[in-house]
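# Examination of the molecular architecture
Each chain, letter by letter, is given below.
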Amino acid sequence: MAKIKLPATPSNPLSSPKRPGKKYGPSGVMGHAGEAGVTAVDWIDERTSLSGGLRWAMFRKVPKGTNWFYTLGSATMFAFLSQAVTGVFLAMYYDPSATRAYESIQYINNDVFLGEFVHGMHRWGSSVMVILIFLHMGRTFFFGAYKYPRELNWVIGVALLVMTMTMSFSGYLLPFDQRSYWATIVGVNINGTGPLVGPYLSEFLRAGPYFGATTLSRFYAIHMLMVPGAIAALMGFHLYLVAKLGTTAPPWIKAKPPEELREEKVTVDP
Amino acid sequence: MNKEQKEQYLRDYGTLKSQGKPFFPYAVAKDSAMAIVVMAVIIAMSIVLGAELGPKADPTSTTYTPRPEWYFFFLFELLRVIKPPALVPLATIGVPTICLILLFLLPFYDRGPERRPERRPIATTAGIFVVCAIGYLTYLGAAAGPPTQIDIPVPANVSSQGPEAVANFEAGSQVVAQSGCAACHKFGENGNSGPGPSLTKIGARLPAQAIQRTLLNPSAPMPSFSALSEESPTQFAQMVGFLAALK
Ligand code: HEM
């Protein structure tokens, strides 16, 4: 990547001090208005000290050789954000009752301004997010990025993967058409064959021994409150660890100590 | 990795990191470019593919094909690859659970210091194998298509009972076909061989009573047809009759 050109150094970096009696800082209404943004940020920072954390996250260094494969994680996050925003718009019209769900989606598709467009973004966004999360996982796997000291970040990542799949499973029922209804029945039944927890999991998902009126609202609560909340929290932790530990360098890049250090080593070693 | 290797890694990483560039604006610029691509793809897919709805869910209806979203195909196909009924619980939950546990624990059993894919032959081969397996199973699932057609010639013992029996047999075949049974069962040339057993000669193995019991009270993952039997007893009876006649 090309280096960004540094701004030219000012010709006179040390401006002469103000004469005694003259006020420091901006003067006049316009001067103060110009400083308003800085003042507001300073006001917040004085009370929160957020700028330190922000500087720590934004101006940390990314190792040499970082390439486009390293954008897959943030692309996954971006797809999730898109799902969250489009999901909020769908939730404004969606009605999670067995008798009204289908009609409310029909209403979104046919009558709401840009409704089908937003609905389509949400539907296909899920495919995009699943593809991206698998690509990101593949990248971290083949680059050996799950090894020391990033083991925990891998484990959190797998939890994120499971929850992403849970999102698509629970969302599939919501349109409540034939396809989603019967696919979900079979899916829940498959869950039920699992050892130990299987039957309980199925009962929990169905909200009872049979698919009933409350099943849909249960899926809705799982889909729009429970799992996305957990995903957002874990994503925050995942990203905190990324900033804390730094992203890996591509595995084939060799570390060459800078010249000064190498010379020093030659003189120290016998 | 032992202590020495860990320290070596941290030292090398520190060097590489100090020679790198700040996250802002370099990495942020790449991430933003990627975000724009992601957004463009989602918007394009929404415009081209839309968000059509199928017919409304109807617990009593008999025209459905239980197909999951495409990225679950590989899990669904796993059910078909593993045939013997005794092993089905293994396929439905056993294999995925084991794979998931292996995935979770990966950093704890693969502890070598080497990170280059070409110098980790086992990990890299296993990774490529999993990618190919998932790709192949997804392809199988996509190619299977919605199975709603069953052509079985009317058996001799039915045609000898007169035209009414033949009509009932064909109506039953319709109901079975539209109920999507062939998504999981084989009927002669039609249908998928699994996860359910082949039903080509089910009438020879089970009496009508037992077939009816299974339809009302199936073992998972098969859905129950008790709703159909209540809403439309004739169709349900035709379904049972058709299956019982398959000998
Ligand atoms: C919601 C899903 C996820 C989001 C938003 C996410 C986000 C990120 C981001 C932004 C990074 C920074 C480096 C990069 O982009 O490659 C990262 C790194 C990482 N992620 Fe994820 N991730 C997700 C899921 C996963 C999954 C499923 C795994 C693996 C099972 C995983 C494992 C890792 C590891 C090991 C790193 C460190 C990589 C390195 O330092 O080179 N993540 N993640």
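Residues numbered from 1 in each chain as written. Chains lettered and ligands numbered in written order. Predicted model: local features only at pLDDT ≥ 70, side-chain atom pairs only at ≥ 80, totals over all residues. Heavy atoms only, no water.

## Describing the overall build of chain A
If you tally the helices and strands in chain A, you get 11 helices and one strand. Counting from the amino terminus, helix and strand elements in chain A follow one another as α-α-α-β-α-α-α-α-α-α-α-α. Of all 270 residues assigned to chain A, the portion counted as buried reaches 40%. Put simply, chain A shows about 15,700 Å² of open surface, and 68% of that area lies on carbon and sulfur atoms. (Helix = DSSP H or I, 4+ residues; strand = E, 2+ residues; numbered from the N terminus. Buried < 20%, exposed > 50% of the residue type's maximum accessible area, 1.4 Å probe, protein only. Areas by Shrake-Rupley, 256 points an atom, 1.4 Å probe, with all protein chains shown as cover.)

## Comments concerning helix α4 (residues 72-91) of chain A
Compared with an ideal rise of 1.5 Å per residue, which puts 20 residues at 28 Å, α4(A) spans 28 Å between its outermost C-alpha atoms and is within 8% of the ideal. Every buried residue belonging to α4(A) is among L72(A), S74(A), A75(A), T76(A), A79(A), F80(A), S82(A), Q83(A), T86(A), G87(A) and L90(A), and all of these are buried. Where α4(A) is buried, its residues touch α5 (101-110), α6 (115-142) and α10 (213-245) of chain A together with α2 (23-49) of chain B. (Expected span 1.5 Å × (residues − 1). Contact = heavy atoms within 4.5 Å.)

## Here we look at helix α7 (residues 151-173) of chain A
Counted at 1.5 Å a residue, the expected span for α7(A) with its 23 residues is 33 Å, and the 35 Å between its end C-alpha atoms agrees. With respect to burial, α7(A) is a largely interior element, 17 of its 23 residues being buried.

## Considering the site of the ligand
Residues and elements named next belong to chain A. In the vicinity of the ligand lie 25 residues, with Y70, H136, R139, H238 and T248 positioned nearest. The side chain of H238 places a nitrogen or oxygen atom 2.8 Å from a nitrogen atom of the ligand. The separation between an oxygen atom of the ligand and a polar side-chain atom of T248 is 2.5 Å. At the level of elements, α4, α6, α7 and α10 are the ones that each hand at least two residues to the shell around the ligand. With six residues, the top contributor of residues to the shell around the ligand is α7. Its residues placed into classes, the shell around the ligand shows 12 nonpolar, 11 polar and two charged. (Near = heavy atom within 4 Å. Polar contact = N/O pair within 3.5 Å; in protein donor to acceptor, adjacent residues only side chain to side chain. Nonpolar A, V, L, I, M, F, W, Y, C, P; charged D, E, K, R; others polar.)

## Brief notes about the interface of chain A and chain B
Each partner contributes residues to the interface: chain A has 93 residues there, and chain B has 80 residues. Together chain A and chain B conceal approximately 8,000 Å² of surface at their shared face, both sides included; 70% is due to carbon and sulfur atoms. Among the residues chain A hides against chain B, the three largest losses belong to Y148(A), Q178(A) and W182(A). Together they make up 10% of the total. Between chain A and chain B we count two salt bridges in total. Here K56(B) makes a salt bridge to E103(A), at a shortest N to O gap of 3.2 Å. Counting across the interface, chain A meets chain B through 33 residue pairs in polar contact (both at pLDDT 80 or more). Of all the secondary structure elements, the ones that give two or more residues to the side of chain A that touches chain B are α3 (50-58), β1 (61-62), α4, α5, α6, α7 and α8 (178-192) of chain A. Looking at the side of chain A that touches chain B element by element, the count peaks at 17 residues for α6(A). Of the residues in the side of chain A that touches chain B, the class split is 57 nonpolar, 23 polar and 13 charged. The sheet contact formed by β1(A) and strand β1 (residues 21-22) of chain B spans two bridges and is antiparallel. Opposite V62(A), over in β1(B), you have K21(B) as the bridge partner. (Buried area = accessible area lost by both parts, 1.4 Å probe. Salt bridge = Lys/Arg side-chain N within 4 Å of Asp/Glu carboxyl O. Pairing = 2+ DSSP bridges.)

## A word on the coordination of the iron atom of the ligand
Residues and elements named next belong to chain A. Looking at the iron atom of the ligand, one finds its protein donor set to be H136 (NE2) and H238 (NE2), positioned 2.0 to 2.1 Å from the metal centre. Angles of 86 to 179° at the metal separate the six donor atoms of the iron atom of the ligand, which places the site in the octahedral class. Taken together, the positions of H136 in helix α6 and H238 in helix α10 put the pair 102 residues apart, joining distant regions of the chain. The exposure classification of H136 matches that of H238, with both residues buried. (Donors = N, O, S within 2.8 Å, 3.2 Å for Na, K, Ca; no water. Tetrahedral: all angles 85-135°; square planar, octahedral: opposite > 155°, others 65-115°.)

## Some words on unusual backbone geometry
Along the chain, Y148(A) connects to P149(A) via a cis peptide bond; the corresponding omega equals 0°. A cis amide bond links F24(B) with the next residue in sequence, P25(B), at an omega value of 5°. Checked against the element boundaries, P25(B) lands in helix α2. In this structure, S49(A) takes a positive phi of about 55° despite not being glycine.

## Some words on the UniProt feature "transmembrane region" (unreviewed entry) in chain A
Residues and elements named next belong to chain A. Under the UniProt annotation, the feature "transmembrane region" (unreviewed entry) is placed at residues 68-94, 124-142, 154-174 and 219-241. Between the end C-alpha atoms of residues 68-94 there is a gap of 38 Å, over a span that is 74% helix and 0% strand. Regarding residues 154-174, the helix share stands at 95% and the strand share at 0%, and the terminal C-alpha atoms are separated by 31 Å. (UniProt positions renumbered as here; feature names shortened; annotations may be inferred.)

## Side note on the domain arrangement of chain B
When cut into domains, chain B gives domain 1 (21-52) and domain 2 (156-245). Taking only C-alpha atoms, the centre of domain 1 of chain B and the centre of domain 2 of chain B are 49 Å apart. (Domains from an automatic or database assignment.)

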